[in-house]
Amino acid sequence: MLVFIIRRILQMIPVLLGVTLVVFLIMQMVPGDPAVLLAGEGATPEKIAEVRHQLGLDKPLALQYLNYVKDVAQGDLGESIRTNRPVLSEIMTRLPVTIELAAASILITIVLGVFAGVVSATKQYTVADISLMIVALLGVSLPNFWLGLMLILYFSVKLHLFPVAGWGSFMHMVLPALTLGTSGAAIVARMTRSSMLEVIRQDYIRTARAKGVKERVIVYKHALKNALIPVVTVVGLQFGSLLGGTVLTESVFAINGLGRLIVDAIRMRDLPMVQGAVLVVSVIFVLVNLAVDIIYRSLNKRIELN
Amino acid sequence: MKLEYADVQQTSPKQTASRSKQKWNGFYRKLKRNKIALVGGAIVLFYLLVAMLAPVLAPFDPLEIHLEKKLVPPSAEHWMGTDDKGRDILSRLMYGTQLSLAVGFVSVLIGMVFGIVLGVVAGYYGKWIDTVIMRVIDVLLAFPGILLALAIISALGPSLMNVMVAVGIFSIPTFARIVRGSTLAVKKLEYVDAVRALGASDFIIIAKHILPNIMSPIIVQATLRVATAILTAAGLSFLGLGAQPPTPEWGAMLSNGRDFLFSAPHIALFPGIAISTLVLGFNLFGDGLRDALDPRMKK
């Protein structure tokens, strides 16, 4: 297992380098001269040349990239054009909120998704199963930003149950987490259902039934444990769309997290901020994937044998 | 007599045609039996018709401002009400269908073309080419959700055209992976060895013998990806990074509706329903196609 973890961490390095390269190249696609942009409006050619030299933009592209990677490795993501503060410290002030939101949403994704999937599979072809799967299909198709607005309209404006926007308390968390977690829950529900249906037809479940084990114990203790193995991968993948989805959810609920920082930075053409934030979120995603792989492997001993 | 690849090609067009007809008949029968797929197909067809007939069907000009009629709730004259500039929401939604479908199709086409080329080259040639291409794909997949599309938009600037490019690039890895996997499976089959032995070039083998046999998963994926592309593009427009006002794009209309959520909720309600039903249609149809075309992929 330790060898596996070390190998996976080593495999992660080229991916992370690739991510920095893509982010670097995307920023090269920006039309116009970044030195002109950074020097500000009405800057003299001397000033522009000075900025270009300061930022190393007069050096060859490959060298610029190497310098960029060196800076990133030292935690230097540059300075925000808008606030002149280090990008990393701005990101760090916003990151905890986004992580809280993502954690609450993934919890909803897992709990709602697995529960719905199990109910559906154990009551296959009943009204409950069909309705749950229709809801799951709707869940995948709803734009989460719209769902967020509708939840605000109903639960905040009409019923006054939750605050309309902002972040800070448990009540603030409920609607954004529901908004962000629903589509993932729908996908997890569909996966859990099909996985459970496969498992509950296996011999060892029949044996457990024949031995007179209670149905609830069979479902939740014997079957679910094995059925969840493929679900782990789906949850890991969902975490990616969930992290991306924070951009929209934070915008809908006016939450000052990393997602909103990215959108504001794009609007203000604060490219170092966009570059830094996209990089940080992607690194988090790569790390989560590593964790998912490790969990998957420890759950599924058969892979190790192979 | 020495048999050449070209000779074999000339001997079998009739047989090939009848086999492919049989295959399509079987597919059509399976699809017809799948009621959920038919519902999905009907929804997609409905929106296609609305998009094509928007200039005829739309009761009002989608861009014409009537400030005296602003924020009118749904009524007999304006079935879905009007927005803050007095524009008829139903008419705007009808014209918006054209944009949503165009964004969905064009971006998926971009992703599909590049994804097929990368996937087939990786799968067919293998070795270091495969390793390089798949590592690039891994890197693109390391960007969570719409973040890659966002980064591209941030560089290219907000516009609907750039959204298509960004969402297209965002779709490349999915297609590349599926195509590579299918190519790997098909290239090991005997008939590929046979055409190679007859002297067919790599290009001919790929274009005439591998691609037609891996189209099923590609078509299924393309249908499902249109749904994702429409959702992503609407999301980007909602953030103000896609279609710009006064374009009647659904995501942008929703974003506008957010400002009047308390006073005129209908402005945000209808574009959301439109996006959800169209995306649902593509999802249902894609699921049905998967069952009919590629039963192995059935979940």
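Residues numbered from 1 in each chain as written. Chains lettered and ligands numbered in written order. Predicted model: local features only at pLDDT ≥ 70, side-chain atom pairs only at ≥ 80, totals over all residues. Heavy atoms only, no water.

Peer 1: Please provide a residue-by-residue account of the overall build of chain A, values included.
Peer 2: Within chain A, the regular secondary structure consists of 13 helices and zero strands. Starting at the N terminus, the α and β elements of chain A follow one another as α-α-α-α-α-α-α-α-α-α-α-α-α. The C-alpha extent of chain A, read off along each of the three principal axes, is 85 × 55 × 30 Å. Counting every position in chain A, which comprises 306 residues, the buried fraction comes to 47%. Sequence separation of at least 24 residues holds for 72% of the intrachain contacts in chain A that already meet a minimum separation of 6. Of the roughly 15400 Å² of accessible surface on chain A, 66% is carried by carbon and sulfur atoms. Side chains of chain A give 27 positive and 19 negative charges; the mean places of these two sets differ by 16 Å. (Helix = DSSP H or I, 4+ residues; strand = E, 2+ residues; numbered from the N terminus. Buried < 20%, exposed > 50% of the residue type's maximum accessible area, 1.4 Å probe, protein only. Contact = heavy atoms within 4.5 Å. Areas by Shrake-Rupley, 256 points an atom, 1.4 Å probe, with all protein chains shown as cover. Lys, Arg positive; Asp, Glu negative; His and termini not counted. Charge placed at Lys NZ, Arg CZ, Asp CG, Glu CD.)

Peer 1: Could you give me a rundown of the overall build of chain B, with the residues and numbers involved?
Peer 2: A tally of regular secondary structure across chain B gives 12 helices and zero strands. If you list the helices and strands of chain B from N to C, you get α-α-α-α-α-α-α-α-α-α-α-α. Once the C-alpha set of chain B is aligned to its principal axes, its extents read approximately 85 × 40 × 30 Å. In chain B, which comprises 299 residues, the share counted as buried stands at 53%. Partitioning the intrachain contacts of chain B with sequence separation of at least 6 by distance along the chain shows that 72% fall at a separation of at least 24. Accessible surface for chain B amounts to roughly 13900 Å². Of this, 67% is attributable to carbon and sulfur atoms. In chain B, which carries 29 positive and 19 negative side-chain charges, the distance between the mean positions of the two groups comes to 11 Å.

Peer 1: So what about the interface of chain A and chain B? Which residues, and what values?
Peer 2: With 46 residues of chain A at the interface, the matching set in chain B holds 41 residues. Of the roughly 3700 Å² buried at the junction of chain A and chain B (both faces included), carbon and sulfur atoms supply 80%. Between chain A and chain B we count one salt bridge in total. One salt bridge connects R190(A) with D287(B), and the closest N-O pair in it is separated by 2.5 Å. (Buried area = accessible area lost by both parts, 1.4 Å probe. Salt bridge = Lys/Arg side-chain N within 4 Å of Asp/Glu carboxyl O.)

Peer 1: Residue-level account of the packing of helix 1 (residues 2-28) of chain A against helix 12 (residues 271-299) of chain A, with values.
Peer 2: Residues and elements named next belong to chain A. At a closest axis distance of 10 Å, the pairing of helix 1 and helix 12 adopts a crossing angle of 160°. Our classification of the angle between helix 1 and helix 12 gives roughly antiparallel. Read as a crossing pair, helix 1 and helix 12 show a hand that is right-handed. Grouping the amino acids of the contact of helix 1 with helix 12 by side-chain chemistry returns 19 nonpolar, four polar and three charged. (Axes fitted to C-alpha atoms, helices over the stretch in contact; angles between N-to-C directions. Parallel < 35°, antiparallel > 145°, perpendicular 65-115°, else oblique. Left-handed = near helix turned anticlockwise from the far one by under 90°. Nonpolar A, V, L, I, M, F, W, Y, C, P; charged D, E, K, R; others polar.)

Peer 1: Describe the side chain of S171(B), and please don't skip the residues or the numbers.
Peer 2: Residues and elements named next belong to chain B. Inspection of the secondary structure puts S171 in helix 7 (residues 160-187). Here S171 falls in the buried class, since its relative accessible area comes to 1%. Not counting chain neighbours up to four residues away, the residues in contact with S171 comprise G111 and R225.

Peer 1: Explain a positive patch on the surface to me, using residue names and the numbers behind them.
Peer 2: Taken together, R29(B), K30(B), K32(B) and R33(B) make up a surface patch of like positive charges. Its place among the elements puts K32(B) in helix 2 (residues 13-33). (Patch = residues over 30% accessible without salt bridge, like charges linked within 9 Å, V, L, I, M, F, W, Y side chains within 5 Å.)

Peer 1: Talk me through helix 4 (residues 89-125) of chain B; I want residue IDs and the actual numbers.
Peer 2: Residues spaced three or four apart along an α-helix point in a common direction, a consequence of the helix completing one turn every 3.6 residues. Residues and elements named next belong to chain B. Between its first and last C-alpha, helix 4 extends 52 Å over 37 residues, near the 54 Å set by a 1.5 Å rise per residue. When the local axis directions of helix 4 are compared, the greatest deviation, roughly 25°, occurs at G96. Following helix 4 by one or two positions, G126 adopts a phi angle in the positive range, close to 60°. (Expected span 1.5 Å × (residues − 1). Bend = angle between axes of the 7 residues up to and from the residue.)

Peer 1: Any chance you could break down the environment of K214(A) for me, citing the residues and the numbers?
Peer 2: Residue position: K214(A) is located in the loop between helix 9 (203-210) and helix 10 (215-252). A sequence separation of 75 residues divides K214(A) from G139(A), and the C-alpha atoms of the two residues are 33 Å apart.

Peer 1: Tell me about the packing of aromatic side chains, and name the residues and values.
Peer 2: The final tally for this structure, using the stated rule, is nine aromatic pairs over all chains. Centre to centre, the rings of F105(B) and F282(B) are 6.0 Å apart; their planes meet at 80°, and the pair counts as edge-to-face. With F105(B) in helix 4 and F282(B) in helix 12 (residues 266-293), this residue pair connects regions lying 177 residues apart in the sequence. The class for F105(B) is partly exposed, based on a relative accessible area of 37%. Through successive ring pairs, a cluster of aromatic residues spans F24(A), Y65(A) and Y68(A). Here R297(A) stacks its cationic end above the ring of F4(A), 4.2 Å away from the centre of that ring. Seen from the ring of F170(B), R225(B) lies directly overhead, with NZ or CZ sitting 5.2 Å from the centre. (Phe/Tyr/Trp six-rings, centres within 6.5 Å; stacked < 30°, edge-to-face > 60°. Lys NZ or Arg CZ within 6 Å of the ring centre and 35° of its normal.)

Peer 1: Explain the packing of helix 4 of chain B against helix 9 (residues 202-210) of chain B to me, using residue names and the numbers behind them.
Peer 2: All names here are of chain B. In the contact formed by helix 4 and helix 9, the axes pass within 12 Å of each other and the chain directions differ by 115°. The interaxial crossing formed by helix 4 with helix 9 has right-handed handedness. Residues V120, Y124 and Y125 of helix 4 form the contact with helix 9, whose own contacting residues are D202, I205, I206 and I210. Considered class by class, the residues forming the contact of helix 4 with helix 9 number six nonpolar, no polar and one charged.

Peer 1: Pulling in residues and values, what's your account of the nonpolar core?
Peer 2: By size, the foremost hydrophobic cluster in this structure holds 159 residues, and its most contacted members are I91(A), M196(A) and L150(B). A total of 15 residues in this core trace back to one element, the largest contributor, which is helix 10 of chain A. Other than its neighbours up to four places away in sequence, L150(B) contacts V247(A), I262(A), I266(A), L236(B), L239(B) and L241(B). (Core = buried A, V, L, I, M, F, W, Y, C linked by side-chain atoms within 4.5 Å.)

Peer 1: Break down helix 6 (residues 127-141) of chain A for me, citing the residues and quoting the values.
Peer 2: The terminal C-alpha atoms of helix 6 of chain A, which comprises 15 residues, lie 21 Å apart, in line with the 21 Å expected from a rise of 1.5 Å per residue. Buried within helix 6 of chain A are the following residues: D129(A), M133(A), A136(A), L137(A), G139(A), V140(A) and S141(A). Contacts from the buried residues of helix 6 of chain A go to helix 5 (87-122) and helix 8 (170-199) of chain A together with helix 10 (215-238) and helix 12 of chain B.

Peer 1: Break down the environment of V195(B) for me, citing the residues and quoting the values.
Peer 2: All names here are of chain B. Secondary-structure assignment places V195 in helix 8 (residues 190-197). Overall, V195 belongs to the buried group, its relative accessible area being 10%. Taking C-alpha positions, V195 is 8.5 Å from H209, a pair spaced 14 residues apart along the chain.

Peer 1: Account for the confidence of the model for chain B, naming residues and giving values.
Peer 2: Residue and element names in this part refer to chain B. Looking at chain B as a whole, its pLDDT mean stands at 88, while 91% of the residues score no less than 70. Across chain B, the element-wise mean pLDDT spans from 56 in helix 1 (residues 5-11) up to 95 in helix 4. Confidence metrics for the complex model read pTM 0.88 and ipTM 0.87. (pLDDT = per-residue confidence, 0-100.)

Peer 1: Mind laying out unusual backbone geometry, listing which residues take part and the relevant values?
Peer 2: All names here are of chain B. For the peptide bond that leads from P245 to P246, omega is 5°, which places it in the cis range. Looking at the element boundaries, P246 is found in the loop between helix 10 and helix 11 (250-258). Its identity is not glycine, yet L71 carries a phi of approximately 55°, on the positive side. By the secondary structure assignment, L71 is in the loop between helix 3 (35-57) and helix 4. Even without glycine at this site, K127 takes up a positive phi of about 50°. Turning to its location among the elements, K127 is positioned in helix 5 (residues 127-141). Given a relative accessible area of 73%, K127 falls into the exposed group.

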